[in-house]
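# Structural description and commentary
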Amino acid sequence: MKKIFSIGLAVSATVFGAGASAAGGGRDTISIVGSSTVYPFATVVAEHFGKGGKFKTPKVESTGTGGGIKLFCAGEGVDHPDIANASRRMKDTEFQQCKKNGVKDIVEVKIGFDGIVLARSKKSKPMELSRKDIYLALAKQIPDPDCGGCDNLIDNPYKTWNEVNPALPATKIEVLGPPPTSGTRDAFAELALEGGCKEFKWIAALKKDNEPEYKKVCHTVREDGAYVEAGENDNLIVQKLVANPNAVGIFGYSFLEENADKVAAAKIEGVDPSFESIADGSYSISRPLYFYVKKSHVGMIPGIVEYIAEFTSEKAWGEDGYLSERGLVPLPADERKEMAEDAKKLKPLSL
């Protein structure tokens with residue numbers, strides 16, 4: 001089981017002001033929200049940072065990427081979080097919402113890479129999947145398999161994996177995955193579902209002619225019970241996989257590493273998710289991870305610059321750093337150096 005860190009999780013936006021000191025209504029603890037994938041990395045950094053003794057251990061909340069960025073972009077001041085973790089890059093619509101609410105100077109820190117895995121209990125035989133298999137199993141609508149390549153979509157009829165691909169097991173399609181607020185869900189839709197969807201040439205052509213329709217076809221997950229939204233708690237997904245060996249769970253590679261005694265991941269296009277395959281890009285369902293800092297809070301909340309320095313130090317995010325031991329796949333050395341320098345300068349994000 002993943003170690004539960006006593007970071008003092010906040011439970012809602014109203015908590016952000018709860019650490020305010022009586023004198024002057026300030027706050028002396030960094031408030032961090034966002035991605036459940038980045039959460040374990042942020043908590044480890046927060047613990048190391050707090051042990052330095054100069055600043056309080058930051059409060060870290062796992063809200064999901066979308067939910068965390070929404071809280072982050074809601075405004076400035078002690079009632080709003082200082083940092084948002086994200087398992088995808090901030091969207092332009094989110095960036096514009098931040099600016100609309102007065103959050104104008106945002107620092108983006110790309111911290112490394114993570115793979116998205118599809119895993120089952122080790123009691124079951126590991127699966128080998130293609131992105132096309134994943135799309136056909138989980139998309140809300142798919143090309144009609146009985147019309148000989150015509151451009152006609154039907155509601156997903158598949159109930160078992162072997163109906164998708166005869167080489168797969170004759171077990172019910174039951175996939176436990178993240179909700180729409182999760183960056184993992186966004187990345188899964190873009191990398192896995194769309195990766196399989198665009199293998200149909202007539203759908204791929206839609207991207208140029210009608211991109212909104214293309215995304216709707218490729219990114220919309222079925223709602224008939226085959227895909228179960230399991231919340232932002234990846235540990236809960238692992239527990240459910242142990243209880244139901246035929247179910248498949250979707251989560252980040254770091255959680256696979258932490259639970260390697262309980263679950264095993266499917267190969268995707270013949271490649272196992274591993275530190276090496278994610279780093280070199282041969283594992284097709286991998287994505288960069290980020291955190292975002294509210295520049296206006298630097299100096300207002302003590303320790304933000306020092307927290308950034310801790311996270312971007314070689315002892316933390318380097319190839320032999322303590323975050324790699326937790327499953328974070330480091331950026332290449334040159335990119336780490338450049339990103340650390342940009343973070344130190346608090347270089348503003350531009351989209």
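Everything quoted here is computed from the prediction, not taken from an experiment.

The rules we used
- Residues numbered from 1 in each chain as written.
- Predicted model: local features only at pLDDT ≥ 70, side-chain atom pairs only at ≥ 80, totals over all residues.
- Heavy atoms only, no water.
- Helix = DSSP H or I, 4+ residues; strand = E, 2+ residues; numbered from the N terminus.
- Rg over C-alpha atoms; globule rule 2.2 N^0.38 Å.
- Buried < 20%, exposed > 50% of the residue type's maximum accessible area, 1.4 Å probe, protein only.
- Contact = heavy atoms within 4.5 Å.
- Areas by Shrake-Rupley, 256 points an atom, 1.4 Å probe, with all protein chains shown as cover.
- Lys, Arg positive; Asp, Glu negative; His and termini not counted.
- Charge placed at Lys NZ, Arg CZ, Asp CG, Glu CD.
- Domains from an automatic or database assignment.
- Buried area = accessible area lost by both parts, 1.4 Å probe.
- Salt bridge = Lys/Arg side-chain N within 4 Å of Asp/Glu carboxyl O.
- Axes fitted to C-alpha atoms, helices over the stretch in contact; angles between N-to-C directions.
- Parallel < 35°, antiparallel > 145°, perpendicular 65-115°, else oblique.
- Nonpolar A, V, L, I, M, F, W, Y, C, P; charged D, E, K, R; others polar.
- Core = buried A, V, L, I, M, F, W, Y, C linked by side-chain atoms within 4.5 Å.
- Pairing = 2+ DSSP bridges.

## Brief notes about the overall build of the chain
Regarding its fold elements, the chain presents 15 helices and 13 strands. Over its C-alpha atoms the chain spans a radius of gyration of 21 Å, differing by no more than 12% from the 20 Å that the globule rule assigns to 351 residues. For the chain, the spread of C-alpha atoms along the principal axes amounts to about 70 × 45 × 40 Å. Out of the 351 residues in the chain, the part that is buried amounts to 53%. Within the chain, counting contacts between residues at least 6 apart in sequence, those at least 24 apart form 73% of the total. About 15,200 Å² of surface is accessible on the chain, with carbon and sulfur atoms providing 50% of the total. Positive and negative side-chain charges of the chain, numbering 45 and 49 respectively, have mean locations separated by a distance of 3 Å.

## Here we look at the domain arrangement of the chain
Per the domain assignment, the segments of the chain are domain 1 (31-113 + 288-345) and domain 2 (114-286). In this structure, domain 1 and domain 2 have C-alpha centres spaced 28 Å apart. Contacts between domain 1 and domain 2 engage 21 residues on the former and 17 residues on the latter. When the buried surface of domain 1 facing domain 2 is broken down by residue, Ser36, Thr37 and Val329 rank first, second and third, together holding 31% of it. Taken together, the links from domain 1 to domain 2 amount to two salt bridges. Measuring nitrogen to oxygen at the nearest pair gives 2.5 Å for the salt bridge that ties Asp186 to Arg88.

## Quick word on the side chain of Glu310
With respect to the helices, strands and loops of the structure, Glu310 is situated in helix 13 (residues 304-311). For Glu310, a relative accessible area of 11% puts it in the buried group. Ignoring sequence-local partners within four residues, the contact set of Glu310 consists of Val45, His48, Phe49, Lys315, Ala316 and Tyr322.

## Regarding the packing of helix 4 (residues 131-138) against helix 6 (residues 183-197)
Where helix 4 meets helix 6, the closest approach of the two axes is 6 Å, and the angle between their N-to-C directions is 100°. Here helix 4 lies roughly perpendicular to helix 6, going by the angle between them. Here Arg131, Lys132, Ile134, Tyr135 and Leu138 of helix 4 come into contact with helix 6, specifically with Phe188, Leu191, Ala192, Leu193, Gly195, Gly196 and Cys197. In the contact of helix 4 with helix 6, the residues fall into eight nonpolar, two polar and two charged.

## Re unusual backbone geometry
Look at Glu269: it is not a glycine, yet its phi comes out positive at around 50°. Its location among the elements puts Glu269 in the loop between strand 12 (267-268) and helix 12 (275-279). For Leu346, which is not glycine, the phi torsion reads 55° and is therefore positive. Examined against the element boundaries, Leu346 turns out to sit in the segment after helix 15 (333-344).

## Some thoughts on the nonpolar core
If you look at the biggest cluster of nonpolar residues, it comprises 90 residues, and the most contacted ones within it are Ile134, Phe251 and Leu323. The biggest single contributor to this core is strand 4 (residues 106-121), with eight residues. Structurally, this core is a two-domain feature, drawing no fewer than three residues from each of domain 1 (31-113 + 288-345) and domain 2 (114-286). Once residues within four sequence positions are removed from consideration, Phe251 is found in contact with Gly115, Ile116, Val117, Ala119, Asp234, Ile237, Val238, Leu241, Leu256 and Val263.

## Focus on the pairing of strand 10 (residues 248-252)
Within strand 10, five of the five residues are buried, which leaves it mostly tucked inside the rest of the structure. Relative to strand 10, strand 4 is paired through four bridges, and the arrangement is antiparallel. Bridge assignment links Ala119 to a residue of strand 10, and that residue is Gly249. Of the pairings in the sheet, the one linking strand 8 (residues 175-177) to strand 10 comprises two bridges and is parallel in character. When the bridges of strand 10 are listed, Leu176 appears paired with Gly249.

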